[in-house]
Amino acid sequence: QKEVEQNSGPLSVPEGAIASLNCTYSDRVSQSFFWYRQYSGKSPELIMSIYSNGDKEDGRFTAQLNKASQYVSLLIRDSQPSDSATYLCAVDSSTDSWGKLQFGAGTQVVVTP
Amino acid sequence: DGGITQSPKYLFRKEGQNVTLSCEQNLNHDAMYWYRQDPGQGLRLIYYSQIVNDFQKGDIAEGYSVSREKKESFPLTVTSAQKNPTAFYLCASSFQGSSTDTQYFGPGTRLTVL
């Protein structure tokens, strides 16, 4: 069974600080990685996708991918109360070119004023 | 506005009943997906479809059925064979269904068995 592991949290972060979220995956051939944000009772919304080793920045968010170590992380800089949500890591788990995602259980982030 | 719609938002089912959840998209996406989310758990794939009139079982297809008669529509039926159907059901779509495509989600349907 292919697995995607995340710390469930809650991760408590002071407003203005950096939140660091980690995700490890078991399938060495995974090529596509996604971070979604999910507010309580709502559906997931995409924050960022990453496909190559290294960092990818988008505004206050930075995704980091290390395929050799099989982990992907998300940094949230200058955390705001509106960032309080559950963050889902999703990893491509398909054995062919079709897109099948395996999701982690999510990390709950709480930004405290 | 382009997007994915799901209806109803809340659904209550009695034991032994079949219910159908609607999912419609006007994004002109080829691929559509159904997921189930239980409290404290990640999303689990029920069924997916890359093209009209074709669909594949996901990881937890037992007790569910789908159809894909139109590109825009991918309804999910929760049958009485599904032993524990209370969950949050999410429909998603992606451009062509490739492994690099982003999946976009509808607002979800919360199903409760009475």
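Here the structure is a predicted model, which is why all the values come from computation and not from measurement.

S.K.: Before we move on, can you summarise unusual backbone geometry with the specific residues and values?
M.R.: P10 of chain A follows G9 of chain A through a cis peptide bond whose omega is 10 degrees. For the bond from S7 of chain B to P8 of chain B, the omega torsion is -5 degrees, close enough to zero to count as cis. Within the secondary structure layout, P8 of chain B lies in the loop between β1 (4-7) and β2 (10-13). Positive phi values are uncommon outside glycine, yet D78 of chain A reaches one of about 50 degrees. Examined against the element boundaries, D78 of chain A turns out to sit in the loop between β8 (71-76) and β9 (85-92). At N28 of chain B, a residue that is not glycine, the phi angle is positive and equals roughly 60 degrees. Looking at the element boundaries, N28 of chain B is found in the loop between β3 (19-25) and β4 (31-37).

S.K.: Account for the state of the cysteines, naming residues and giving values.
M.R.: Counted under the stated rule, the structure contains two disulfides over all chains. Paired through a disulfide, C23 of chain A and C89 of chain A show a sulfur-sulfur distance of 2.1 Å. One disulfide, between C23 of chain A and C89 of chain A, carries an S-S torsion of -75 degrees and so falls in the left-handed class. Taken together, the residues span a long stretch of sequence, with C23 of chain A in strand β3 (residues 19-25) and C89 of chain A in strand β9 at a distance of 66 residues. Accessibility expressed as a relative area gives 0% for C89 of chain A, which makes it buried. In this model C23 of chain B forms its disulfide with C91 of chain B; the gap between the sulfur atoms is 1.8 Å. With the S-S bond torsion at -70 degrees, the cross-link from C23 of chain B to C91 of chain B turns out left-handed. Taken together, the residues span a long stretch of sequence, with C23 of chain B in strand β3 and C91 of chain B in strand β9 (residues 87-94) at a distance of 68 residues. Accessibility classification places C23 of chain B together with C91 of chain B in one group, the buried group.

S.K.: With reference to specific residues and values, describe the packing of aromatic side chains.
M.R.: Evaluation of the coordinates by the stated rule reveals 11 aromatic pairs over all chains. Aromatic side chains Y36 of chain A and F103 of chain A sit 5.9 Å apart centroid to centroid with 45 degrees between the ring planes, which places their arrangement in the tilted category. Separated by 67 residues along the polypeptide, Y36 of chain A in strand β4 (residues 33-38) and F103 of chain A in strand β10 (residues 101-103) bring together distant segments of the chain. For F103 of chain A, a relative accessible area of 7% corresponds to the buried category. Between Y33 of chain B and Y48 of chain B the ring centres are 6.4 Å apart and the planes differ by 20 degrees, which places this aromatic pair in the stacked class. Placement of the pair is Y33 of chain B in strand β4 and Y48 of chain B in strand β5 (residues 43-51), with a sequence separation of 15 residues. Of the two residues examined, Y33 of chain B and Y48 of chain B, each falls in the buried class. Grouped by ring-pair contacts, the aromatic residues Y36 and F103 of chain A together with Y33, Y35, Y48 and F105 of chain B constitute a single cluster. It is R110 of chain B that lies over the ring of F88 of chain B; its NZ or CZ is 4.2 Å from the centre.

S.K.: Quick rundown of the confidence of the model for chain A? Include the residues and the values.
M.R.: For chain A, the mean per-residue pLDDT works out to 94, and 97% of the residues sit at or above 70. The secondary structure element of chain A with the lowest average pLDDT is β10 of chain A, at 93, and the one with the highest is strand β7 (residues 61-66) of chain A, at 98.

Conventions we followed
- Residues numbered from 1 in each chain as written.
- Chains lettered and ligands numbered in written order.
- Predicted model: local features only at pLDDT ≥ 70, side-chain atom pairs only at ≥ 80, totals over all residues.
- Heavy atoms only, no water.
- Helix = DSSP H or I, 4+ residues; strand = E, 2+ residues; numbered from the N terminus.
- Disulfide = S-S within 2.5 Å.
- Buried < 20%, exposed > 50% of the residue type's maximum accessible area, 1.4 Å probe, protein only.
- Phe/Tyr/Trp six-rings, centres within 6.5 Å; stacked < 30°, edge-to-face > 60°.
- Lys NZ or Arg CZ within 6 Å of the ring centre and 35° of its normal.
- pLDDT = per-residue confidence, 0-100.

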